[in-house]
Amino acid sequence: MDATNSMLCDNDLVNPLSSMGMQVSCILVVSHFFNVVLRTMGQPGPIAQILAGLVLGPMSHIEYIKAKFFPASSINYYEIVSFFCRILFMFLFGLEMNIHYTLRNLRVVGLVACGGAIMGGVFGISVSFYLYQELVTSAPMHYFSMIIMLVVSYTSSPMVIRLAAELRLAASDVGRIAVSSALITELGCLLFFNVMINWKKEYHISAGIGCTLLTTLLVLINKYLAVWLNTRNRNQKYLKAPELLFILFLLLTSSMIIEIWGYNSIIHCYIIGLLFPRQGKTARTLLHKLGYSIYNFVLPIYFGSLGLQCDLINVFGSLDRTANTAILILLGIGSKLGGTLIVCRYLQIPTSEGIFLGIILNTRGYADLLFIGAAAKQTFNSDAYNVLLLSIVLNTIISGIIAAFLTRGEEKMFANNHTAIEPQQMDDELRMLACVYDPRQVSVVLSTVLAIHGSRASPYTTHLLHLIELVKKIKSTLLYHEKENADLSDDDDYGGNDVVEINNALDAFTAETKILVHQRRTVSAFTSLYEDVCNEAEDLQVSIILLPFHKHQRIDGKLESGKEGLRITNQKVLRHAPCSVGVIVERGLASDPGFSQLVASENIQNVATLFFGGPDDREAVAWSLRISKSPRINLTIIRFLLVSSSSQNEKIESGQSEEREILMSLSGEATTNEIDNTFMVDFCNRYVAPGEISYVEKFVKDGAETVESLKEMGDIYSLFIVGKGSRGQGSLTIGMSDWEECPELGTVGDVLASSDLDIHGSVLVIQQHRKGLMHD
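Residues numbered from 1 in each chain as written. Predicted model: local features only at pLDDT ≥ 70, side-chain atom pairs only at ≥ 80, totals over all residues. Heavy atoms only, no water.

1. Considerations on the packing of aromatic side chains
Tallying each qualifying case throughout the model produces 10 aromatic pairs. Measuring from ring centre to ring centre gives 5.3 Å for F683 and Y687, while their planes differ by 45°; the resulting arrangement is tilted. Of this pair, F683 and Y687 both sit in helix α28 (residues 674–688), separated by four residues, roughly a single helical turn. Side by side, F683 and Y687 carry an identical accessibility label, which is buried. Here a set of aromatic residues connected by ring pairs shows up, and it is made of F611, F679, F683 and Y687. The residue whose ring lies beneath K289 is Y238, and the NZ or CZ to ring-centre distance is 5.1 Å. (Phe/Tyr/Trp six-rings, centres within 6.5 Å; stacked < 30°, edge-to-face > 60°. Helix = DSSP H or I, 4+ residues; strand = E, 2+ residues; numbered from the N terminus. Buried < 20%, exposed > 50% of the residue type's maximum accessible area, 1.4 Å probe, protein only. Lys NZ or Arg CZ within 6 Å of the ring centre and 35° of its normal.)

Here's what the structure looks like:
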């Protein structure tokens, strides 16, 4: 018994691990309590986690507790565990990083990052002469000055990323500038730190070249390894555990080699994640497995450990140390805020956004511990170490709290300004949320995604959301190890084989088109599924939601209804969506080529956009303009107008630009809606006159003739695009709604989706979002 107790209490392997487990448990419990309390005040999770560590910090300095739970022999174990955690979350951040946004806006994010960092460096060097006298240290003056400069200039990218996610502004322009600038600042400070500590070493140049070559080698290995792993076991949702561990083993081994060479591996891990192939089940597995553990366990402990290391009693017990801490806090806030505001004024960014960027970029984190830890090795005494550490933690807490209040007080600053397509320019980024219920709808949705991504010059971001109905679990008589997917959690079982089929279809699409589609999934009952869709659209700040129709086409060409819950969900999304909505009806499966075969076929697809008038039709034309840039799309705009005694059907032939403008003017006189007329005149002069898009005018006298015109063009086009609220003048559609089946598609959309109308093209019905207006 005594031998057992000795092993558990005195053994250097067991005791540090048990004490560390106790610390982790305390941090998680207390941080959860703080999170519950502060969440009601609008404070983000990282702030609660740091406060939890700050509360536990004084306890760690009580002699009895320190001896039992903070033994000196445990320091090496803590460093090893923190090393592993640092590797994982920096790799994950690189994997999640939207590098395309950073590259498109490199000038903006680079200047914002440099503004705060350079101002912080200048302020840090200036005050370092005073702090060198106040803080007892025997380190060289130039070394101390550079450490203070780094401490004041640094920004913690993990903290900024988590704050942006917690405050639901990661998809906003301000949030993305903050995240990109934080990463640039952190990587720059770490690069400078690596050079500084290795400058006097004999082989620092060769070691730096070796780190670069090792990183390049691992990037190339991952490129081919990911492709190979994606092709194995196609019927599995994720990689197997040994395959996942092998990838992480390569990352760990290379990071340890870099650390042995005397360089920090944070930059290495981030670059590996940034350049890791994003398509296929390999990246999907890494994001799924690493994301859950890191965001729910690793980062809370990481943030909590920052506060846990602070000795409040030591610092606040002395007036001089308190004053020095206050100076460092004010210095950090002032330098970041001042430098960022100067750059924002130069870039003509609003002052309110500049203040927010300056505050959130003042957050600190792990690399600061590296900086002051390196200084401590240069005979930096404990009092000076505590002053610097507490200033780092309090700076982060103060900046996080202010950023949270700014977010609540300036909601318009972070709101989605692109809730519709019509007001946007062609070079504006178009964000789209495409939804699918089951694998049958994937082909037509991906064809629509391919069409909208036709122009490589315009930036696009597409998210695919798999909507899964939440049903009651069926009890199984099988034991856990007897289940086919025993290595997966219960949540992964939702969706069944549909998840695998959708994943395979998306992987094949990405491999063929090189278009990256971000996968998401939501599980909910049909009564609340629309809320998940709307919340995702709001969080991602998309301009349009694509929904599949609740009916699917049978072999005989008839449309058969699916679950009623699908239709109700579509109706609720159309009513409550925070952006424009498109409902796509897949038809023409037997025709060759059908629109749903756009990915597999190289044939040119004829697409028609029907314009009757109104904001929804203008939105449909704006969408059509985007897809017209695809080399596989031949677009024709067909405008329906009322026939008059002196009007006949007219068609504008290509190459007749002068006659085209005259006809547009004449047609405009017969239109009561001046907004529609002005819109179409401008559209034709810009895109029809140069011959980029075809234009046709159809003159009809009532709804019956409109239906006949639709029947005539039924075999010509593989896709019809129309606005939900197509109206024009009432006579254009009069009588068409007498046998209405699906009012959520609008009058013309319902006719086009009807089985009674023999057409062979799919139908896309678009509803434009109007702020402050609830759709019927």
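2. Notes on a nonpolar patch on the surface
A contiguous nonpolar patch, built from M59, I62 and Y64 and spanning about 330 Å² of accessible area, is present on the exposed surface. Here Y64 is to be found in helix α4 (residues 63–69). (Patch = residues over 30% accessible without salt bridge, like charges linked within 9 Å, V, L, I, M, F, W, Y side chains within 5 Å. Areas by Shrake-Rupley, 256 points an atom, 1.4 Å probe, with all protein chains shown as cover. Salt bridge = Lys/Arg side-chain N within 4 Å of Asp/Glu carboxyl O.)

3. A word on helix α13 (residues 266–274)
α13 sits mainly inside the fold: eight of its nine residues count as buried. Within α13, burial applies to I266, I267, H268, C269, Y270, I272, G273 and L274.

4. Remarks on the packing of helix α3 (residues 45–56) against helix α19 (residues 382–409)
Packing of α3 against α19 leaves a shortest axis separation of 10 Å and a crossing angle of 145°. The interaxial crossing formed by α3 with α19 has left-handed handedness. Judged by residue contacts, I47, I50, L51 and L54 of α3 engage L390, V393, L394, T396, I397, G400 and I401 from α19. Tallied by class, residues from the contact of α3 with α19 come to nine nonpolar, two polar and no charged. (Axes fitted to C-alpha atoms, helices over the stretch in contact; angles between N-to-C directions. Left-handed = near helix turned anticlockwise from the far one by under 90°. Contact = heavy atoms within 4.5 Å. Nonpolar A, V, L, I, M, F, W, Y, C, P; charged D, E, K, R; others polar.)

5. Some remarks on the pairing of strand β2 (residues 460–469)
Most of β2 is tucked away, with nine of its 10 residues classed as buried. Bridge count for strand β1 (residues 430–436) against β2 is seven bridges, and the pairing is parallel. Within the sheet, the bridge partner assigned to R431 lies in β2 and is T461. Sheet topology places β2 next to strand β3 (residues 517–524); eight bridges connect them, and they run parallel. The residue bridging L464 from the neighbouring strand is Q519, located in β3. (Pairing = 2+ DSSP bridges.)

6. A look at the environment of E560
Within the secondary structure, E560 sits in strand β6 (residues 559–561). E560 sits in the partly exposed class, given a relative accessible area of 35%. A sequence separation of 10 residues divides E560 from H550, and the C-alpha atoms of the two residues are 8.6 Å apart. The residues contacting E560, other than those within four sequence positions of it, are H550, K551, H552 and R554.

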